[in-house]
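Topology and contacts: notes
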Amino acid sequence: MAVQINPSILSADFARLADEARAVHGADWLHVDVMDNHFVPNLTLGVPVVESLARATDTPLDCHLMMTDPDRWAPQYVEAGAGSVTFHAEAAAAPVRLAREIRAKGARASMALKPATPIEPYEDLLPELDMLLIMTVEPGFGGQAFLDIMLPKIRRTRELIGKHGLDLWLQVDGGVSAATIERCAEAGADVFVAGSAVYGADDPEAAVRALRTQAEEATGTAGWACAH
Ligand code: DX5
Ligand code: ZN
């Protein structure tokens, strides 16, 4: 599967979201961080902003829900126009039922793991998902330093995907930049969220292109990708 680069609008200017969405033309998805001030100590945006963004851009929306009770709220983000909805494993009461509901409503279903949450208990659940998100920082804020200690979890997850022959995207989010994206790709990630590395750049479109080139080259020489 091809590398995908998803700029996170958390690092964009929230007063100019439509322009900021257009500033990353060529990105595969726009990553939209929804934070509820309960699951994480930060508050961002909700359904009405997602609805407006979906109208303002042709780039599909990848909504990352950092909230408690996603079982109740996540389906509304599909209705708001998200093409992919990610809930947190730590917050979902019934992840299988929720993933099925998201898919039934017509979006890709994705589940996220905080740094201290292992992948192994979720092995049997992976066929229910279209994407798994491995957080490479503690969720809540942009601009944090990448956690190298997550690389073994990315590797183990890629092995599980191969073992079960799944068509499951593996996303990394947090501290992904020119300095870290190659390590993520080499370990097995194929969808890369980048906030400050894209919106903090003088030319966000060029930053997306550069990250894509780096990730593609690293994937090209990665053992996990060569075997397929
Ligand atoms: C953090 C968010 C990330 C954030 C990443 O909790 O989930 O999507 O925007 O920002 P950077 O790329 O700056 O670490
Ligand atoms: Zn995110």
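The structure displayed is predicted, hence computed values, not measured ones. (Residues numbered from 1 in each chain as written. Chains lettered and ligands numbered in written order. Predicted model: local features only at pLDDT ≥ 70, side-chain atom pairs only at ≥ 80, totals over all residues. Heavy atoms only, no water.)

**Considerations on the overall build of the protein**
For clarity, the threshold we go by: Only DSSP runs of H or I with at least four residues qualify as helices, and only runs of E with at least two residues qualify as strands; both kinds are numbered from the N terminus onward. Both definitions apply: the radius of gyration is a C-alpha atom measure, and the globule rule equals 2.2 Å times residues to the power 0.38. Burial status follows relative accessibility: with a 1.4 Å probe on protein chains alone, a residue under 20% of its type maximum counts as buried, one over 50% as exposed, and anything between as partly exposed. Here a residue-residue contact requires only that any non-hydrogen atoms of the pair lie within 4.5 Å. Values of accessible area rely on a 1.4 Å probe in the Shrake-Rupley scheme; residue burial ignores everything except the protein chains shown. Counting rule applied: Lys, Arg positive; Asp, Glu negative; His and chain ends not counted. The atom standing in for a charge is NZ when the residue is Lys, CZ when it is Arg, CG when it is Asp and CD when it is Glu.
Regarding its fold elements, the protein presents nine helices and eight strands. A compact globule built from 228 residues would reach a C-alpha radius of gyration of about 17 Å, and the protein, at 16 Å, matches this within 12%. Overall, the protein is about 45 × 40 × 30 Å in size when its C-alpha atoms are taken along their principal axes. The buried share of the protein, taken over its 228 residues, is 55%. Considering only contacts within the protein whose residues lie at least 6 apart along the sequence, 63% involve residues at least 24 apart. When the accessible surface of the protein is totalled, it reaches about 9,600 Å², and 51% of it is carbon and sulfur. Charged side chains of the protein number 18 positive and 32 negative; the gap between the two group centres comes to 4 Å.

**Overview of helix H8 (residues 204-220)**
Test applied: Multiply 1.5 Å by the residue count of a helix minus one, and that product is the helix's expected span. It is the directions from the helix axis to the C-beta atoms whose arc is reported. Polar contacts here mean pairs of N or O atoms no more than 3.5 Å apart (in protein, one a potential hydrogen donor and the other a potential acceptor; neighbouring residues in sequence count only if both atoms are side-chain atoms).
Taking 1.5 Å as the rise per residue, H8 with 17 residues should run 24 Å; its terminal C-alpha atoms sit 24 Å apart, in good agreement. All of the buried residues in H8 are Pro204, Ala207, Val208, Leu211, Arg212, Gln214, Ala215, Ala218 and Thr219. Down the axis, H8 shows its buried residues gathered within 165° of arc, on one side only. Those residues of H8 that are exposed and angled more than 90 degrees off the buried face are Arg209 and Glu217. In this fold, the buried residues of H8 make contact with strand S1 (4-7), helix H6 (181-187), strand S8 (191-194), helix H7 (196-199) and helix H9 (223-226). Where H8 starts, the residue carrying a side-chain oxygen 3.2 Å from the main-chain nitrogen of Glu205 turns out to be Asp203.

**A few points about the coordination of the zinc ion (ligand 2)**
Inclusion rule: For Na, K and Ca the donor cutoff is 3.2 Å, while for all other metals N, O and S atoms must lie within 2.8 Å; water is not among the atoms, so some sites may look incomplete. Irregular is the label for any site that misses the other tests, which are tetrahedral for four donors with all angles between 85 and 135 degrees, and square planar for four donors or octahedral for six when opposite donors exceed 155 degrees and the remaining angles lie between 65 and 115.
The zinc ion (ligand 2) binds to the protein through His31 (NE2), Asp33 (OD), His64 (ND1) and Asp173 (OD), with metal-donor distances spanning 2.1 to 2.3 Å. For the zinc ion (ligand 2), the six donor atoms in the first shell make angles of 71 to 172° at the metal, so the coordination geometry reads as octahedral. Written as a sequence motif, the donor residues of the zinc ion (ligand 2) are H-x1-D-x30-H-x108-D. Here His31, found in strand S2 (residues 30-35), pairs with His64, found in strand S3 (residues 61-66); they are 33 residues apart in sequence, far enough to count as distant. Each member of the pair, His31 as well as His64, carries the same accessibility label: buried.

**Regarding helix H2 (residues 47-56)**
Taken together, the buried positions of H2 are Val47, Val50 and Leu53. Seen from one end, H2 has its buried residues packed into an arc of 120°, which puts them on one side. When the buried face of H2 is taken as reference, the exposed residues oriented beyond 90 degrees from it are Pro48 and Arg55. On its buried face, H2 sits against helix H1 (17-22), S2, S3 and helix H3 (70-79).

**Quick look at unusual backbone geometry**
The phi torsion of most residues other than glycine is negative, and most of the peptide bonds are trans. Backbone geometry places Asn37, a non-glycine residue, at a positive phi of 70°. With respect to the helices and strands, Asn37 occurs in the loop between S2 and H2. Phi is positive for Asp69, close to 55°, though the residue is something other than glycine. Its place among the elements puts Asp69 in the loop between S3 and H3. According to the relative accessible area criterion, Asp69 is partly exposed, its value standing at 36%.

**What about the UniProt feature "binding site: a divalent metal cation" (unreviewed entry) in the protein?**
Heads up, the rule is: UniProt positions are given in the numbering used here, feature names are shortened, and annotations may be inferred rather than shown by experiment.
The UniProt record annotates "binding site: a divalent metal cation" (unreviewed entry) at His31, Asp33, His64 and Asp173. Despite a sequence span of 143 residues, these residues sit close together in the fold, their greatest C-alpha distance being 10.6 Å. Look at His31 and you get buried, because its relative accessible area is 0%. The residues touching His31, leaving out its near neighbours within four places in the chain, are Asn6, Pro7, Ser8, Ile9, Asp62, His64, Gln171, Asp173 and Val193. With respect to the helices, strands and loops of the structure, Asp173 is situated in strand S7 (residues 169-173). For Asp173, a relative accessible area of 9% corresponds to the buried category. If we skip the residues at most four places from it in the chain, Asp173 touches His31, Asp33, His64, Leu133, Ile134, Met135, Thr136, Val137 and Val193.

**Some words on the sheet that holds S3**
Basically, it comes down to this: Whether two strands pair depends on DSSP finding at least two bridges between them. Here an angle of 0 to 180 degrees is reported between the N-to-C directions of two axes, which are lines fitted to C-alpha atoms, with helices fitted over the stretch in contact.
Read from one edge of the open sheet, eight strands run S1-S8-S7-S6-S5-S4-S3-S2, paired in parallel fashion. Two strands close off the open sheet at either side, each with one partner strand: S1 and S2. Within this sheet the neighbouring strands show an average axis-to-axis angle of 25°, counted without direction. Two elements, strand S6 (residues 131-135) and S7, share five bridges in a ladder whose sense is parallel.

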